[in-house]
Amino acid sequence: MSDHENIVTPAGPAVLRRTDRRTLAISVLPSGNLELTAPHESTVDAIQGKVGKRLRWIAKQRADFAAMRHNRLPLRYESGATHTYLGRQYRLKVSRGEPATVRLRGAYFYITALTVSAAEVETLLDEWMRQKAAVQFSRRLAVWEPWCRHRRLPLPKLSLRRMSKRWGSAGAGGRIALNPVLVRAPSICIDYVIAHEVCHLKHPAHNRAFFRLLESVFPRWREAKLRLESASGIPALEL
Ligand SMILES: [Zn+2]
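Heads up: these notes are all about the structure in this document.

**Section: the coordination of the zinc ion**
Link 1 in the chain: Coordination of the zinc ion by the protein involves His196 (NE2), His200 (NE2) and His206 (NE2), with metal-donor separations of 2.1 Å.
Link 2 in the chain: Binding-site remark: the zinc ion is held by donors from one chain whose sequence spacing is H-x3-H-x5-H. Of this pair, histidine 196 and histidine 200 both sit in helix α5 (residues 187–202), four residues apart, roughly one helical turn. The same class applies to histidine 196 and to histidine 200, which are both buried.

Okay, here's the thing in structure tokens:
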């Protein structure tokens, strides 16, 4: 999306985009940055004035996001710790025993472990998440097969890869790697990451054509992106 300009508002610098909408939309991003979407005919003066009337609301949004970032503490692997799966929160109940198992029942992950050390519980839960990720991701990716076939694109081939900075990547021949940690995020976020990577099979770069395609195949991508960036219990990674 290249048709934007940087302006200064009473709430600080902001990115301004022009669209066919009829009113000004003000968004505070999880980073605290301000994004404005305005009608083509609005003057920068008028936009600055409108932002000036929303200062209290903008400050509240920024404070909420800052608190959320603060809440992004390292995960704990002991009884009582909270972990998310498909965007829902569950608590761990760890007990000693064998065989080592992980079961999801009601609001809890019941984990049976030999030593109940944090490292062992982490390994068990990671393995459980990885298995669920394989099932969830391949089912959601399979939906795209007819779409790819129709466009003579290579059929997506999924692999799971733990990456420290990224949710996913797309490579030659339809290879799509997804971070198994993504299975902790809400479904709409998983579908968004998959749509994003599938669009890369057609357009490798984040250029205008890429975003136009993403917009047409996944119109709710902005909402999903925002949720992915602000969801608690998952790391802050990039696409
Ligand atoms: Zn990308």
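Here the narrative resumes, following the displayed structure.
**Here we look at the packing of aromatic side chains**
Two aromatic rings are characterised by how far apart their centres lie and by the angle between their planes.
Link 1 in the chain: A full pass over the atoms with the stated rule returns eight aromatic pairs.
Link 2 in the chain: Aromatic pair tyrosine 90 and phenylalanine 109: ring centres 5.5 Å apart, planes at 65 degrees, arrangement edge-to-face. Separated by 19 residues along the polypeptide, tyrosine 90 in strand β6 (residues 88–96) and phenylalanine 109 in strand β8 (residues 108–113) bring together distant segments of the chain.
Link 3 in the chain: The buried category is assigned to phenylalanine 109, whose relative accessible area is 0%.
Link 4 in the chain: Across the ring face of tryptophan 57, the terminal group of arginine 54 is positioned such that the distance to the ring centre comes to 4.6 Å.

**So, the nonpolar core**
Link 1 in the chain: In terms of nonpolar packing, the biggest core is built from 51 residues, with Phe109, Ile111, Leu214 and Leu228 touching the most fellow members.
Link 2 in the chain: Secondary-structure elements contributing two or more residues to this core are β6, β8, α3 (118–142), α4 (145–150), β11 (175–178), α5, α6 (208–217) and α7 (221–230).
Link 3 in the chain: Of the residues forming this core, the biggest block, 10 residues, is contributed by α5.
Link 4 in the chain: Dropping the residues within four chain positions of it, phenylalanine 109 is found in contact with His83, Tyr85, Tyr90, Arg91, Leu92, Lys93, Val102, Arg103, Leu104, Leu125, Trp128 and Met129.
Link 5 in the chain: Formed by 14 residues, the second largest nonpolar core is a distinct cluster that contains Ile26, Leu34, Leu36 and Ile58.

**A word on the sheet that holds strand β10 (residues 168–170)**
Within a sheet, each strand pairs with its neighbour through backbone hydrogen bonds, oriented either parallel or antiparallel.
Link 1 in the chain: Here three strands make up an open sheet; going across it, the order is β9-β11-β10 and the pairing mixed. Two strands in the sheet have a free side with no partner beyond their single neighbour: β9 (157–160) and β10. Strand-to-strand twist of the sheet, defined as the mean angle between neighbouring strand axes without regard to direction, takes the value 20 degrees.
Link 2 in the chain: Judged from the four bridges that link them, β9 and β11 form a sheet pairing that is parallel. Counterpart to lysine 157 in the pairing with β11 is arginine 175.
Link 3 in the chain: Here α3 sits on the sheet in contact with β9 and β11, set at roughly 160 degrees to β9.
Link 4 in the chain: Packing against the sheet, α5 makes contact with β10 and β11, and its axis sits at approximately 155 degrees to β11.

**Digging into the side chain of histidine 196**
Link 1 in the chain: Histidine 196 sits in the buried class, given a relative accessible area of 3%.
Link 2 in the chain: At a separation of 3.1 Å, a polar atom in the side chain of histidine 196 contacts the side chain of histidine 200.
Link 3 in the chain: The residues touching histidine 196, leaving out its near neighbours within four places in the chain, are His206, Phe210, Leu214 and Leu239.

**Some details on the sheet that holds strand β3 (residues 25–28)**
Link 1 in the chain: Pairing is mixed across the open sheet formed by four strands, whose spatial order is β1-β2-β4-β3. Where the open sheet ends on each side, the last strands, each with one partner, are β1 (4–9) and β3. Taking each pair of neighbouring strands and ignoring which way they run, the sheet shows an average axis angle of 30 degrees.
Link 2 in the chain: As defined by bridge partners, strand β2 (residues 12–19) adjoins strand β4 (residues 34–39) across six bridges and the pair is classed as parallel. In the sheet register, arginine 17 faces β4, and the bridge partner there is threonine 37.
Link 3 in the chain: Sitting on the sheet, helix α1 (residues 44–52) is in contact with β1, β2, β3 and β4, with an inclination near 55 degrees to β1.

**What to know about the environment of valine 193**
Link 1 in the chain: Summarising the element assignment, valine 193 is placed in helix α5.
Link 2 in the chain: Put simply, valine 193 and asparagine 179 are 14 residues apart on the chain and 10.0 Å apart in space, counted from C-alpha to C-alpha.
Link 3 in the chain: Among all residues touching valine 193, those that are not within four sequence positions of it are Trp167, Leu178, Leu182, Leu228 and Leu239.

Analysis parameters
- Along every chain, residues carry numbers that run from 1 in the direction the sequence is written.
- It should be noted that, the model being predicted, local features are given only for residues of pLDDT at least 70 and side-chain atom pairs only at 80 or more, the latter also being counted only at that level, while totals for whole chains, interfaces and linings use all residues.
- No hydrogens and no water enter the side-chain calculation; it runs on all heavy atoms of the structure.
- Only nitrogen, oxygen and sulfur atoms within 2.8 Å of the metal, or 3.2 Å for Na, K and Ca, are treated as donors, and water is left out, so sites may look incomplete.
- Counting from the N terminus, the helices are the DSSP runs of H or I reaching at least four residues and the strands are the DSSP runs of E reaching at least two.
- Any residue under 20% of the maximum accessible area for its type is buried, any over 50% is exposed, and the rest in between are partly exposed; the area is computed with a 1.4 Å probe on protein chains only.
- Whether two aromatic rings pair depends on their centres lying within 6.5 Å, for rings of Phe, Tyr and Trp, where Trp uses its six-membered ring; planes under 30 degrees apart make the pair stacked, over 60 edge-to-face, and the rest tilted.
- Ring-over charges, as used throughout, are those where CZ of Arg or NZ of Lys falls within 6 Å of the ring centre and within 35 degrees of the ring normal.
- For the purposes of this section, nonpolar cores are sets of buried Ala, Val, Leu, Ile, Met, Phe, Trp, Tyr and Cys residues that join through side-chain atoms within 4.5 Å.
- Contacts are assigned to residue pairs with any non-hydrogen atoms lying within 4.5 Å of each other.
- A pair of strands is treated as paired once DSSP finds two or more bridges between them.
- Comment: axis = line fitted to C-alpha atoms, over the contacting stretch for helices; angle = value between 0 and 180 degrees taken between N-to-C directions.
- Any pair of N or O atoms that falls within 3.5 Å is considered a polar contact. Within protein, one atom must be able to donate a hydrogen and the other to accept it, and sequence-neighbouring residues count only if both atoms are side-chain atoms.

Bear in mind that shape data such as this cannot, by itself, settle questions of function.
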